[in-house]
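Residue-level structure breakdown
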Amino acid sequence: MTILNKPFDTQYNTAPFSKLKTEEFLSAFKTAIKKAKSEIDTIVNNKEKPTFQNTIEALDYSGEELDRISSIFFNLNSAETNDEIQKIAQEVSPLLSEFSNDIALNEDLFNRVKSVFDSKSDLKLNTEQATLLDKKYKSFARNGANLPEDKKERLRAIDKELSQLKLKFGEHILAETNKFEMHLTHIDNLDGLPEGAKEAAKQLAESKGRKGWLITLDYPSYIPFMTHAKSRSLRKKLSKAFGSKGFKSDELDNKAIVLKISNLRYERAQLLGYQTHAHFVLEERMAESPVKVNHFLEDLLEKAKPAAIKEFKKLQDFAKEFDGIDQLQKWDSAYYSEKLKQKLFDLDDEKLKPYFKLENVIEGAFTVANKLFGLEFNEMDTIDKYHKDVMTYKVEDADGELVSIFYADFFPRAGKRNGAWMTSFKPQMIKNGTNERPHVSIVCNFTKPTKSKPSLLTFNEVTTLFHEFGHALHGMLANTTYPSLSGTSVYWDFVELPSQILENWCYEEETLKLFAKHYKTDQVIPMELIEKIKKSANFNEGMQTLRQLSFGMLDMAWHGVDPSEIKDIKTYELKAFGETQLYPDVKANCMSTAFAHIFQGGYSSGYYSYKWAEVLDADAFEYFKEEGIFNKTVANKFKTYVLSQGGTENPMTLYKKFRGQEPKPEALLRRAGLIK
Ligand SMILES: [Zn+2]
């Protein structure tokens with residue numbers, strides 16, 4: 001037995017990183033899976049009749065050791081990986097999915113869960129228990145546990161076919177992306193591009209043994225070209241190549257796959273007793289139903305469209321004046337937007353960065369958490385960590401009670417993946433009468449300090465830090481009984497509320513005075529710079545909103561109907577876009593055949609949630625603005641009804657308890673300057 005299979009003999013039971021041996025993980029996993037299996041067997045073989053405690057609760061507390069090892073291992077695989085860890089991940093992943101399939105298909109276990117579920121009304125459960133019972137029951141039912149054998153078989157066949165089709169869809173897009181290259185042989189063709197982008201294009205050509213410059217459909221190559229390249233005809237060529245992925249009726253075409261996927265999803269939903277795939281998905285979302293999502297999207301469209309039309313006209317006039325363009329096309333959008341933005345706001349990162357020294361920003365986030373929720377962060381040097389750059393803190397409440405252990409890992413390294421995220425090493429739960437506090441972590445990739453210069457963040461990095469810190473607060477302040485309902489384990493379209501709302505504090509003078517001080521002179525950032533940041537963040541927000549809405553509407557059009565009658569994808573798509581389009585259509589282009597979010601990734605019937613989360617955070621922050629951004633009463637309500645509750649209750653109910661009413665889109669539209 002490895003050190004991982006025993007309770008950790010450390011202060012606060014934190015993970016003993018320095019003592020972990022990579023080669024021990026595989027056997028630790030195997031031991032923990034065996035243990036988790038036997039815990040399930042104990043539940044199933046219990047001679048007593050199924051009760052909430054001996055079945056539902058026991059199921060939720062089972063597998064604790066496996067969860068702990070998984071958290072540690074997969075967090076390392078994201079933040080400090082190497083070949084050995086990656087190899088173990090390859091070996092362990094099938095074992096883990098086999099284990100969770102075994103549970104999902106365990107009929108005896110389901111029968112016990114169902115028996116408790118069927119007697120629900122007699123059980124006198126509290127809200128959290130009732131939610132847990134629903135969740136456990138649905139995790140089986142939504143995978144077909146209630147179906148007769150022949151339909152179960154059909155369901156499994158559909159799932160298998162769907163996973164192959166999604167894979168194929170993605171492979172086609174990737175192959176399309178890799179196949180295309182725009183080979184440029186005259187430096188004039190790159191006019192307008194920043195030096196870095198020119199250099200990258202040259203290096204790419206060199207790496208393929210070519211002369212000149214190569215532009216591809218990969219974002220780091222595509223985006224700078226569309227934003228800065230003077231040549232309208234080359235932008236057109238590149239844009240058309242980008243927009244016609246999977247739509248050329250060749251061996252990489254995705255039209256048939258799109259139809260097949262949406263029809264199979266529809267059939268699957270019908271088998272399980274749902275009207276459409278969107279009904280199935282939205283059952284477990286705050287938005288609840290396709291009717292509500294469609295109404296949400298249409299309402300926003302109606303309110304944002306007048307501003308979008310004005311912005312479009314302004315951009316059109318600018319392009320006319322600047323270059324004599326009579327009709328703006330899709331390939332002009334990024335280019336003239338950038339030019340107009342430069343003209344309106346002369347803002348660059350270098351001017352802002354000196355005010356955002358990393359240490360000051362961290363202190364700023366801690367001060368905000370202190371003023372709002374009374375939290376105290378104290379750096380600890382006795383907690384074991386997986387890399388020397390990681391910082392560790394003990395978090396206490398105003399009474400000096402332990403709230404959480406907090407890890408922060410800020411700088412890029414070879415073994416760390418890109419981006420920024422929040423995660424945890426240990427969940428919060430109340431077990432055997434003890435409130436076990438969580439171990440929460442945020443991981444980012446900010447510029448490292450040098451000998452002569454501290455780490456100075458761009459404004460975008462500042463909001464990223466606050467965003468992840470907001471997720472972390474959701475984890476740290478968790479106060480629920482059951483681990484599967486704790487912290488960030490909430491409906492998918494609710495999880496970004498705590499993170500996005502925290503970003504709002506970064507734009508407030510009252511907050512910035514606390515921490516945005518020049519690293520050399522200690523002078524507070526001038527407010528006119530902040531005003532510029534706000535205005536430029538809202539630049540062309542109306543057009544951006546229409547674009548997001550068009551994707552959400554297309555997603556709902558594919559998943560909220562019976563798709564069997566759809567024959568021509570392009571015609572159907574144009575109809576679905578409805579009133580959202582400002583630019584002339586490009587005949588050779590199609591969005592659906594390259595819409596990986598919904599046909600390959602996990603966003604089907606979920607694209608609306610980007611805007612949904614923005615509406616929530618703007619509406620919630622407006623409440624703070626009304627009462628004062630550090631108002632204790634509002635903060636306390638936010639903590640009591642949102643941050644501490646995890647997924648114990650329907651999020652709309654929780655939100656209404658906090659806000660006193662359902663969220664309205666007006667706050668977002670006001671913040672974005674789209675309405676007065
Ligand atoms: Zn987030």
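Described in the following lines is the structure provided in the data block.

On to the pattern of salt bridges. Tallied over the entire structure, the rule returns 45 salt bridges. For E107, the salt bridge identified is with K152, shortest N-O distance 3.4 Å. Taken together, the residues E107 in helix α5 (residues 107-118) and K152 in helix α7 (residues 149-179) connect sequence positions 45 residues apart. The class of E107 is partly exposed, set by a relative accessible area of 46%. By sharing partners, the salt bridges in this structure join E80, D409, R413 and K416 into a single network.

Looking now at the state of the cysteines. What makes a disulfide is a covalent bond joining the sulfur atoms belonging to two cysteines. Summed over the entire model, instances satisfying the criterion amount to 0 disulfides. Looking at C506, it has no disulfide partner, and the nearest cysteine sulfur is the one in C444, 12 Å off. You can call C506 buried: its relative accessible area is 0%.

Now for the coordination of the zinc ion. Perfect tetrahedral coordination of a metal by four donors corresponds to 109.5 degrees between them, and perfect octahedral coordination by six donors corresponds to 90 or 180 degrees. Taken together, H467 (NE2), H471 (NE2), E496 (OE) and E496 (OE) make up the full set of protein donors to the zinc ion, lying 2.1 to 2.8 Å away. Here the zinc ion is ringed by 4 donor atoms whose angles at the metal span 51 to 140°, and the overall shape comes out irregular. In primary sequence terms, the donor set of the zinc ion follows H-x3-H-x24-E. One end of the pair, H467, is in helix α17 (residues 459-476); the other, E496, is in the loop between α17 and α18 (497-503), with 29 residues separating them in the sequence.

Where helix α24 (residues 609-627) meets helix α26 (residues 651-659), the axes come as close as 11 Å, and the angle between the chain directions of the two elements is 20°. By the angle between their directions, the pair α24 and α26 is classed as roughly parallel. Both α24 and α26 take part in a crossing whose hand is left-handed. Contact residues: α24 offers W612, L616, D619, A620, E622, Y623, F624 and E626, while α26 offers M652, Y655, F658 and R659. Here the residues of the contact of α24 with α26 sort into 8 nonpolar, no polar and 4 charged.

Reading guide: rules and limits
Residues numbered from 1 in each chain as written. Predicted model: local features only at pLDDT ≥ 70, side-chain atom pairs only at ≥ 80, totals over all residues. Heavy atoms only, no water. Salt bridge = Lys/Arg side-chain N within 4 Å of Asp/Glu carboxyl O. Helix = DSSP H or I, 4+ residues; strand = E, 2+ residues; numbered from the N terminus. Buried < 20%, exposed > 50% of the residue type's maximum accessible area, 1.4 Å probe, protein only. Disulfide = S-S within 2.5 Å. Donors = N, O, S within 2.8 Å, 3.2 Å for Na, K, Ca; no water. Tetrahedral: all angles 85-135°; square planar, octahedral: opposite > 155°, others 65-115°. Axes fitted to C-alpha atoms, helices over the stretch in contact; angles between N-to-C directions. Parallel < 35°, antiparallel > 145°, perpendicular 65-115°, else oblique. Left-handed = near helix turned anticlockwise from the far one by under 90°. Contact = heavy atoms within 4.5 Å. Nonpolar A, V, L, I, M, F, W, Y, C, P; charged D, E, K, R; others polar.

Function cannot be inferred from these measures alone, as they are strictly geometric.
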